[in-house]
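# Report on the structure
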Amino acid sequence: MSDVTANAPFDAQGWLRRQSRWSPLEVVFWLALLLPFFFFPTYLTLASQIAIAALFAISVDLILGYAGIVTLGHAMFFGLGAYAAGLISVYGWGEPLSGLLLAAAFAGLVGFVVSFMIVRVQHLALIMITLGLGLLTYELANSMSWLTGGTDGLRGIRTWPIFNYFRFDLWGYTAYSYSLAALFVCFLVSRRIVNSSFGLALRGVRENVRRMPAIGSDYRGHLQKIYTISAAIAGLAGALMAQTTNVVALDALSFQRSADVVVMLILGGTGRLYGAIVGAAIFLIARDQLSGVNPQYWYFWIGLLLMVVVLVMPKGILGGLSALASRWSGR
Amino acid sequence: MLKNAAAATALGLGLAWSGAAIAQETVKIGVILPYSGPFADAANQLQAGIDLYMAKHGDEVAGKKIEIIKRDTGGPAPDVAQRLAQELVVRDGVDILAGFALTPEALGAAPVSQEAQKLMVVMNAATSIVTEQSPYIVRTSVTIPQLNYSFGKWAFDEAGIKQAYTLVSDYGPGHDAEKSFSQGFTEAGGEILGSDRTPVANPDFSAFVQRVRDANPEAVYIFVPGGAQPAAIGKALADRGLAPPETKIFAQGELTHPEALESMGETARGIITTFHYTLERDDPLNKEYVEGYTAANNGRKPDLFSIGGYDGMHLIYEALKATDGDASGDALVEAAKGMAWESPRGPMSIDPETRDVVQTVYIREVQEVDGELQNVIIHEIPEVKDPLHGAN
């Protein structure tokens with residue numbers, strides 16, 4: 001990280017404090033996320049799915065962008081969270097907030113168990129392991145159709161109104177408010193994590209995993225921790241999807257979902273939390289608009305967009321913008 | 001407070017839109033299908049059925065112009081289908097939801113149709129429970145138990161088979177098929193010697209077929225998804241010497257639909273299938289339909305998806321005629337209940353209680369006709385209802 005060496009040669013704590021200060025741009029960004037309520041009331045369901053995808057992308061960014069764990073199977077945790085939240089509701093407890101936390105805890109627990117395997121491998125092997133785990137979970141859910149409903153999906157999810165008052169409406173007001181609130185809270189947590197000394201250690205692992213033990217840092221413990229946290233957040237995103245739509249199908253665990261979230265991250269820019277949100281928004285809005293125009297071949301345009309972004313702005317859209325901004329201020 | 005005000009504004013906007021829609025005298029139909037991804041072919045065939053009906057009958061019914069809005073789910077994604085349905089209702093102001101090639105899509109959209117009180121025409125998704133998910137759902141395709149329960153009964157009663165073995169793909173539709181065939185067969189008095197499930201993706205059938213051979217049943221019932229698998233299982237059966245007439249081979253119609261027949265070749269001869277639509281059925285309505293369809297689609301022949309879309313549009317057109325253009329969900333679903341008509345597939349109707357399709361089930365045998373293998377109807381079971389409705 002070039003800015004680390006440039007800004008804080010002596011005082012790491014001070015640098016971290018500066019990083020965690022809120023810039024006006026960030027405040028504007030979050031206020032802008034409230035705009036759909038007033039200007040695009042008919043797009044609220046899309047907005048809520050964007051918020052959920054953004055949360056999922058943040059969870060992947062924490063491990064991929066910050067800790068350098070390449071994954072192609074993170075939908076596993078998204079799906080586990082979704083099925084957990086769905087099943088809790090099917091078996092009679094439809095209270096959303098506790099369901100959300102239980103689902104996240106379950107996904108986090110599985111993430112913790114898996115993390116013992118994850119920290120042992122790197123690079124290509126890591127991609128294969130995550131991919132394999134994702135596919136295994138998918139097949140497991142498929143074969144356990146007595147529990148998951150198999151290819152038909154899990155039915156009978158009834159999410160109670162939030163605080164026994166805000167019912168999930170057709171327009172998506174509740175769904176978007178709820179998803180946005182969850183996104184914001186998880187974002188705050190993630191922001192705190194990446195701007196802590198723990199976050200700094202993660203970047204160290206990403207940059208050079210062999211050097212970390214040399215400077216007295218236990219990288220395996222760090223990786224396990226962040227992987228567990230990331231799994232819990234992914235599970236929370238999945239639970240949000242289950243609760244706001246009242247349906248879960250195998251698609252929640254699919255490879256496509258794991259791949260899409262990586263595409264979102266690459267579009268938005270890895271290693272920055274806002275990149276995850278921007279990438280999710282661009283991906284889903286582009287998908288919505290393009291598939292409305294051409295339902296058959298819209299993925300062509302997504303592919304083109306991805307190639308252009310990667311060629312022109314290798315660090316994603318936000319990375320490209322911040323490079324532009326720093327060149328501007330440097331002049 | 002803010003939320004309520006915003007909701008009221010939005011509702012006002014929505015009402016204003018639906019008002020505008022009436023003023024323009026259009027009825028909007030939102031079609032939700034997996035136009036992209038692995039099920040795109042099914043979606044395109046279904047869409048071609050819709051297009052053919054509209055090309056034939058014009059885009060005006062009861063003084064209203066019909067407008068189709070297509071939305072892509074990309075596959076069996078209920079959350080996407082639900083969002084698309086919501087958006088179609090609140091943003092595009094559609095009056096009718098239609099399409100739904102896959103069960104998860106229909107399950108995702110069902111709550112929207114219920115809450116928004118819009119007619120939802122399921123043109124393919126074939127799991128029994130679909131129509132129970134909303135009182136506004138009507139189905140114009142088929143259900144797997146409808147085909148296979150009566151098939152199982154027929155196998156014992158008419159074909160005189162006493163023992164059978166089932167071999168199905170290990171996923172939802174396969175499980176349904178296995179269950180309903182076995183149920184029909186054993187209730188009639190037959191005995192299932194054994195049941196095996198094959199992996200959905202790239203299975204090697206030889207080991208499974210060998211197990212069937214070892215059990216030596218009078219008949220084997222097979223359910224595999226379309227694509228490359230019919231040819232693969234046809235070859236595996238032939239290699240192991242499992243062939244009619246020594247061992248009867250039973251299956252659902254997809255196994256021997258025209259394109260699969262081409263790839264299976266001689267191994268398909270004598271296979272007996274159950275289906276609701278038979279391409280070669282000798283009927284003037286069907287001939288006209290097949291000719292029109294083939295001409296409009298570069299020689300591609302209609303299949304089960306096409307007929308679901310075609311009859312789905314027929315239902316919408318006739319319901320609109322009956323309500324004199326009133327596109328409200330309640331009026332349309334009332335008009336649809338009990339509706340009966342002659343389709344290219346044969347006589348069909350909508351069960352007034354379950355809103356599900358009631359139709360003739362055709363038992364066909366692959367035979368050589370004019371030097372070509374095709375499905376020849378050997379038995380018809382009229383007015384078959386889905387046997388599972390009300391049972392669960």
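Residues numbered from 1 in each chain as written. Chains lettered and ligands numbered in written order. Predicted model: local features only at pLDDT ≥ 70, side-chain atom pairs only at ≥ 80, totals over all residues.

### Focus on the overall build of chain B
Selection criterion: Numbered from the N terminus, helices here are DSSP runs of H or I no shorter than four residues, and strands are runs of E no shorter than two. Radius of gyration means the value over C-alpha atoms here, while the globule rule gives 2.2 Å times the residue count to the 0.38 power. Any residue with 12 or fewer other C-beta atoms within 10 Å of its own C-beta is exposed, any with 20 or more is buried, and the rest are partly exposed; the C-beta atoms used are placed from the backbone. We call two residues in contact when their backbone-placed C-beta atoms lie within 7 Å.
The number of helices and strands found in chain B is twelve helices and 15 strands. What you see for chain B is a C-alpha radius of gyration of 22 Å, in line with the 21 Å of a compact globule of 392 residues. Along the first, second and third principal axes, the C-alpha atoms of chain B reach 70 × 45 × 35 Å. Relative to its 392 residues, chain B shows a buried fraction of 56%. Summarising the internal contacts of chain B: among those between residues at least 6 apart in sequence, 69% fall at separations of at least 24.

### What to know about the environment of A:Ile277
Mapping A:Ile277 onto the fold places it in helix 15 (residues 273-293). Between the C-alpha atoms of A:Ile277 and A:Ala53, which are 224 residues apart in sequence, the distance is 8.0 Å.

### Focus on the interface of chain B and chain A
Put simply, the test is: Polar here means any residue outside two lists: the nonpolar Ala, Val, Leu, Ile, Met, Phe, Trp, Tyr, Cys and Pro, and the charged Asp, Glu, Lys and Arg; Gly therefore counts as polar.
In this complex, chain B contributes 36 residues to the contact, which on the side of chain A involves 32 residues. Along the lines of polarity and charge, the residues of the side of chain B that touches chain A split into 17 nonpolar, nine polar and ten charged.

### Here's the deal with the confidence of the model for chain A
Short version of the rule: Per-residue confidence from the predictor is reported as pLDDT, which spans 0 to 100.
Taken as a whole, chain A shows an average pLDDT of 87; of its residues, 96% reach a score of 70 or greater. Summarising per-element confidence for chain A, the mean pLDDT is lowest in helix 1 (residues 2-7) of chain A (48) and highest in helix 6 (residues 75-90) of chain A (94).

### Overview of the pairing of strand 14 (residues 357-369) of chain B
Residue and element names in this part refer to chain B. Our working definition: In this scheme, strands are said to pair when DSSP sees at least two bridges between them.
Relative to strand 14, strand 11 (residues 272-275) runs antiparallel, the two sharing four bridges. Looking at strand 14, one finds that Thr274 is bridged to Ile363. As paired elements, strand 13 (residues 346-350) and strand 14 share three bridges and run antiparallel to each other. Paired with Met348 across the strands is Gln359, a residue of strand 14. Where strand 13 folds back onto strand 14 in an antiparallel hairpin, the turn is made up of six residues, including Arg355, whose phi is positive at roughly 60 degrees.

### With respect to the packing of helix 6 of chain A against helix 13 (residues 219-245) of chain A
All names here are of chain A. Going by this rule: Interaxial angle, 0 to 180 degrees, is taken between N-to-C directions of lines fitted to C-alpha atoms, where a helix line uses only the stretch in contact. By the definition adopted for this analysis, an angle is roughly parallel if under 35 degrees, roughly antiparallel if over 145, roughly perpendicular if from 65 to 115, and oblique otherwise. Handedness of a crossing is defined here by the sense of rotation of the near helix relative to the far one, left-handed for an anticlockwise turn of less than a right angle and right-handed for a clockwise turn.
Following both chains from N to C, one finds helix 6 and helix 13 inclined at 50 degrees, their axes separated by 6 Å at the closest point. The angle between helix 6 and helix 13 falls in the class oblique. Where helix 6 crosses over helix 13, the handedness of that crossing is right-handed. Packed against helix 6, whose contacting residues are Phe77, Phe78, Gly79, Leu80, Gly81, Ala82, Ala84, Ala85 and Gly86, the element helix 13 presents Ala231, Ala234, Gly235, Leu236, Ala237, Gly238, Ala239, Met241, Ala242 and Gln243 at the interface. Here the residues of the contact of helix 6 with helix 13 sort into 13 nonpolar, six polar and no charged.

### Some thoughts on the UniProt feature "transmembrane region" (unreviewed entry) in chain A
Residues and elements named next belong to chain A. Note the cut-off: UniProt positions are given in the numbering used here, feature names are shortened, and annotations may be inferred rather than shown by experiment.
Under the present numbering, the feature "transmembrane region" (unreviewed entry) in UniProt falls on residues 27-44, 50-69, 100-119, 124-141, 170-189, 226-249, 261-286 and 298-325. Between the C-alpha atoms that bound residues 50-69 there is a distance of 24 Å. The span itself is 85% helix and 0% strand. A distance of 14 Å separates the end C-alpha atoms of residues 261-286, which is 85% helix and 0% strand.

### As for the nonpolar core
General note: in soluble globular proteins, nonpolar side chains tend to be found buried as a group. To keep it simple, the criterion reads: Defined on buried residues, the nonpolar core groups Ala, Val, Leu, Ile, Met, Phe, Trp, Tyr and Cys residues joined through C-beta atoms within 7 Å. Start and end positions for the domains come from either an automated domain assignment or a database one.
Judged by nonpolar contacts, the single largest core of 211 residues is most densely connected at A:Ala54, A:Leu55 and A:Leu236. It is helix 5 (residues 44-66) of chain A that provides the largest number of residues to this core, a total of 17 residues. Three or more residues apiece are contributed to this core by two domains, here domain 1 (2-142 + 285-355) and domain 2 (145-275 + 361-384) of chain B. When sequence neighbours within four positions are dropped, the list of residues in contact with A:Leu55 reads A:Ala182, A:Leu183, A:Cys186, A:Ile233, A:Leu236, A:Ala237 and A:Leu240.

### Section: the sheet that holds strand 4 (residues 96-99) of chain B
Residues and elements named next belong to chain B. Taken together, the six strands give an open sheet; going across it, the order is 2-3-1-4-5-6, and neighbouring strands pair in mixed fashion. Of all strands in the sheet, those with a lone pairing partner are strand 2 (60-61) and strand 6 (137-139), marking the two edges. Lying over the sheet, helix 4 (residues 103-116) contacts strand 1 (26-33), strand 4, strand 5 (119-122) and strand 6, oriented at roughly 165 degrees with respect to strand 5.

### Looking at the domain arrangement of chain B
All names here are of chain B. The domains assigned to chain B are domain 1 (2-142 + 285-355) and domain 2 (145-275 + 361-384). Put simply, the middle of domain 1 and the middle of domain 2, counted by C-alpha atoms, are 32 Å apart. Contact residues are listed per partner, giving six residues for domain 1 and eight residues for domain 2. Residue composition of the side of domain 1 that touches domain 2, grouped by class: two nonpolar, two polar and two charged.

### A closer look at the confidence of the model for chain B
Residue and element names in this part refer to chain B. Here chain B averages 87 in pLDDT, while 93% of its residues score no lower than 70. Contacts of residues 5-23 to residues separated by more than four positions or lying in other chains number 15 contacts, the stretch itself having pLDDT below 50. Among the prediction metrics, the complex's ipTM stands at 0.75, with pTM recorded as 0.81.

### Looking at the pairing of strand 15 (residues 372-384) of chain B
All names here are of chain B. Summarising the sheet, strand 14 and strand 15 pair through ten bridges and their orientation is antiparallel. Paired with Glu368 across the bridge in strand 15 is Leu373. Hairpin connection between strand 14 and strand 15: a loop of two residues separates the two successive antiparallel strands, and Asp370 in this loop has a positive phi of roughly 50 degrees.

### Remarks on helix 4 of chain B
Residue and element names in this part refer to chain B. We apply this condition: The span expected for a helix works out to 1.5 Å for each residue beyond the first. Think of it this way: the bend at a residue is just the angle between two axes, each fitted to seven residues, one set ending at that residue and the other starting at it.
Taking 1.5 Å as the rise per residue, helix 4 with 14 residues should run 20 Å; its terminal C-alpha atoms sit 20 Å apart, in good agreement. Taking the largest bend as the criterion, helix 4 deviates by roughly 30 degrees, centred on Ala109, and proline Pro111 comes between one and four positions later. Counting buried positions over the 14 residues of helix 4 gives twelve, a clear majority of the element. If you check which residues of helix 4 are buried, you get Thr103, Pro104, Glu105, Ala106, Leu107, Gly108, Ala109, Ala110, Pro111, Val112, Ser113 and Ala116. Just downstream of helix 4 lies Gln117, where phi reads positive at about 55 degrees.

### Notes on the environment of A:Tyr66
Residues and elements named next belong to chain A. Along the chain, the position of Tyr66 falls in helix 5. Tyr66 gets classed as buried once you count the C-beta atoms within 10 Å, which come to 24. Each C-alpha atom of the pair Tyr66 and Met313 lies 19 Å from the other, and the pair is 247 residues apart in sequence. Other than its neighbours up to four places away in sequence, Tyr66 contacts Asp61, Val194, Gly199, Leu202, Arg203, Arg206 and Gly271.

### Describing unusual backbone geometry
All names here are of chain B. Pro245 follows Pro244 through a cis peptide bond whose omega is 5 degrees. One non-glycine residue, Phe100, lies in the positive phi region at around 70 degrees. Position of Phe100 among the secondary structure elements: in the loop between strand 4 and helix 4.

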